[in-house]
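Overview (structure and organization)
Here is how the chains run, residue by residue.
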Amino acid sequence: MTLTPERAPKTAGVRRLTRTLYASAFCDEFVLLYPVYALLFSDTGLSVWQMSSLFALWSLTGVLLEVPSGAWADAVSRRLLLVLAPLLTASGFALWVLVPSYGAFALGFVLWGAGGALGSGALEALVYDELDRAGAADRYARIMGRARAIGIAATMAAMGLAGPVFAWGGYDAVGAASVLVCLAGAAVATRFPEHRTPSAGGERWTASLRAGLAEARGDRSVRGALLLVPAVTAVWGALDEYTPLLAEDTGVAQETVPWLLLVIWAGATAGSLLAGPAERLTTTGFAVLIAGSALALAVGAAAGTPVALLLVALAFGGFQLATVLADARLQRRIDDTGRATLTSVAGLGTELGTLATYGAYAATASATGHGTAFAWATVPYLLTALLLAGAARTTAAAARARP
């Protein structure tokens, strides 16, 4: 089929955007340190409380920088922030392997948290606006789902390689590979198309922040979408950091842990790939998805066997799918002028929820073990599912009551 002259540039723009997005997603997650850095902390002599304090510091950095960085992304080039983000992360990883100590780990998490804050909001806003400009906004959930699936596949590939590379060169080898892939991610980010023209003005980012918050205050549907993102994302995003310890608690050797993590993230990959078809889920269906995933996680984690981690994989797939769908619902409801700002506001909620999860997890795991801590972490999801089901019933009753 021959494309019309008006259609061809838009199609070419979408192709360039998706290719760059997929390559960037791969570089962001192909980090060999991911499956072993909790072990690095443990081997350095850190306790569970110290590790949780590092995760909390990481989250706190995101809390402080999330919304200002989102407002900044609405005021300046979003592509620029996507280039800077992996450079900060690379610096943090280098510190971890060069001078392994609590202080170096803490500074590394601050740098990683700052890099994450720069990219959070900016990426989603850039992708949605570019798709909308090309008349393809309806493809956002499918494209972002594929990008997340590629990122998870990259994580799985890193997990598969982490064992052999670690056996060959130890933490220095996996650290060097992680730094190099972050530098590659910065180079890839320079290829993102960006047709939006940032507005000039020294206080422009504060104006973007005020406009975005005003939109959230004035639109109930926007507020609901904002709250749904952290409700879905925060807890399982925090639990991700403890999955190596959960796998190790099943009694396997350390070198087997990355392979068990592959199983878990295979489930998450499948969840991402289902984002397109699942976009038609009703609110009731969304509640069932969350509740079913929570129950699978509770049973799989509490069992304490390698085979039971299949249920954890199923749960992570459901949570990953819910995360993509919640983000897509938010993007459809907000205006493009404050898109990065409000996406970062949702990210702030996620960071606060994650921070609370770290503290609760440390207290529970120290007293009862990792499996029980994972099981208790499903309670917020069950409550969220009940609230969504109640909201669906209220909406349906109101619709029936209309003449």
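Residues numbered from 1 in each chain as written. Predicted model: local features only at pLDDT ≥ 70, side-chain atom pairs only at ≥ 80, totals over all residues. Heavy atoms only, no water.

An unreviewed UniProt entry lists the protein chain under the name MFS transporter, with Streptomyces vinaceusdrappus given as the organism.

1. Looking at the overall build of the protein chain
A count of helices and strands for the protein chain gives 17 helices and zero strands. Buried residues in the protein chain amount to 53% of all 403 residues. Partitioning the contacts of the protein chain with sequence separation of at least 6, the portion at a separation of at least 24 is 84%. Carbon and sulfur atoms form 65% of the exposed surface of the protein chain, whose accessible area is close to 16,900 Å². (Helix = DSSP H or I, 4+ residues; strand = E, 2+ residues; numbered from the N terminus. Buried < 20%, exposed > 50% of the residue type's maximum accessible area, 1.4 Å probe, protein only. Contact = heavy atoms within 4.5 Å. Areas by Shrake-Rupley, 256 points an atom, 1.4 Å probe, with all protein chains shown as cover.)

2. Some details on a nonpolar patch on the surface
Nonpolar side chains collect at one region of the surface, where Trp72, Leu80, Leu84, Leu87, Leu180 and Leu183 lie side by side and expose about 520 Å² of accessible area between them. If you list the elements that add at least two residues to the nonpolar patch, you get helix 4 (78-98) and helix 7 (140-189). Counting residues per element, the nonpolar patch draws most heavily on helix 4, at three residues. Its place among the elements puts Leu87 in helix 4. Judged by its relative accessible area of 33%, Leu87 falls in the partly exposed class. (Patch = residues over 30% accessible without salt bridge, like charges linked within 9 Å, V, L, I, M, F, W, Y side chains within 5 Å. Salt bridge = Lys/Arg side-chain N within 4 Å of Asp/Glu carboxyl O.)

3. A closer look at the confidence of the model for the protein chain
Mean pLDDT for the protein chain: 85, with 89% of residues reaching 70 or above. Taken element by element, the protein chain is modelled with least confidence in helix 8 (residues 204-218), mean pLDDT 60, and with most confidence in helix 4, mean pLDDT 94. Taken as a whole, residues 1-9 scores under 50 in pLDDT and shows three contacts with residues more than four places along the chain or in a different chain. (pLDDT = per-residue confidence, 0-100.)

4. Considering the packing of helix 11 (residues 257-273) against helix 14 (residues 309-333)
At a minimum axis separation of 7 Å, helix 11 and helix 14 run at an interaxial angle of 30°. Crossing geometry of helix 11 relative to helix 14 is assigned as right-handed. Between helix 11 and helix 14, the residues in contact are Leu260, Val263, Ile264, Trp265, Gly267, Ala268, Gly271 and Ser272 and Leu309, Leu310, Val312, Ala313, Phe316, Gly317, Gln320 and Leu321, respectively. The residue inventory of the contact of helix 11 with helix 14, partitioned by class, reads 11 nonpolar, five polar and no charged. (Axes fitted to C-alpha atoms, helices over the stretch in contact; angles between N-to-C directions. Left-handed = near helix turned anticlockwise from the far one by under 90°. Nonpolar A, V, L, I, M, F, W, Y, C, P; charged D, E, K, R; others polar.)

5. Things to note about the pattern of salt bridges
Counted by the stated rule, this structure contains two salt bridges. Asp129 is paired through a salt bridge with Arg78; the nearest N and O atoms lie 2.7 Å apart. Separated by 51 residues along the polypeptide, Asp129 in helix 6 (residues 122-133) and Arg78 in helix 4 bring together distant segments of the chain. A relative accessible area of 15% places Asp129 in the buried class. For the salt bridge of Glu279 with Arg332, the shortest nitrogen-to-oxygen distance reads 2.8 Å.

6. So, the nonpolar core
Membership of the largest hydrophobic core comes to 90 residues, with the highest contact counts inside it found for Tyr37, Phe41, Phe55, Phe93, Trp96, Phe109 and Phe286. When neighbours within four sequence positions are excluded, Trp96 is seen to be in contact with Leu33, Tyr37, Leu40, Phe41, Ala104, Phe105, Gly108, Phe109 and Trp112. Core analysis: the next-biggest nonpolar cluster, separate from the first, contains 31 residues, Tyr22, Val127, Ala186 and Ala189 among them. (Core = buried A, V, L, I, M, F, W, Y, C linked by side-chain atoms within 4.5 Å.)

7. Thoughts on helix 7
With 50 residues, helix 7 ought to run about 74 Å at 1.5 Å a step, yet its terminal C-alpha atoms sit only 19 Å apart, falling short of that. Of all the bends in helix 7, the greatest measures close to 125° and is centred on Gly169. (Expected span 1.5 Å × (residues − 1). Bend = angle between axes of the 7 residues up to and from the residue.)

8. Describing the packing of helix 9 (residues 220-239) against helix 14
Geometry of a packed helix pair, given as the angle between the helix axes and the separation of the axes. With their axes 9 Å apart at the nearest point, helix 9 and helix 14 run at an angle of 155° to one another. The angle between the axes of helix 9 and helix 14 places the two elements in the roughly antiparallel class. Taken as a pair, helix 9 and helix 14 cross one another with a handedness that is left-handed. Contacts between helix 9 and helix 14 pair Ser221, Val222, Ala225, Leu226, Leu228, Val229, Val232, Thr233 and Trp236 from the former with Phe316, Phe319, Gln320, Ala322, Thr323, Ala326, Asp327, Arg329, Leu330 and Arg333 from the latter. (Parallel < 35°, antiparallel > 145°, perpendicular 65-115°, else oblique.)

9. Concerning the environment of Leu295
Along the chain, Leu295 turns up in helix 13 (residues 283-303). A C-alpha to C-alpha distance of 9.2 Å links Leu295 and Tyr381, two positions 86 residues apart in sequence.

10. Things to note about the side chain of Glu66
Within the secondary structure, Glu66 is located in helix 3 (residues 48-75). Despite its burial, Glu66 remains without a salt bridge, the nearest opposite charge being carried by Arg148 at 11 Å. At 2.5 Å, the side chain of Glu66 forms a polar contact with the side chain of Ser120. The contact partners of Glu66, leaving out residues within four places of it in the chain, are Ala117, Ser120, Ser344, Gly347, Leu348 and Glu351. (Lys, Arg positive; Asp, Glu negative; His and termini not counted. Polar contact = N/O pair within 3.5 Å; in protein donor to acceptor, adjacent residues only side chain to side chain.)

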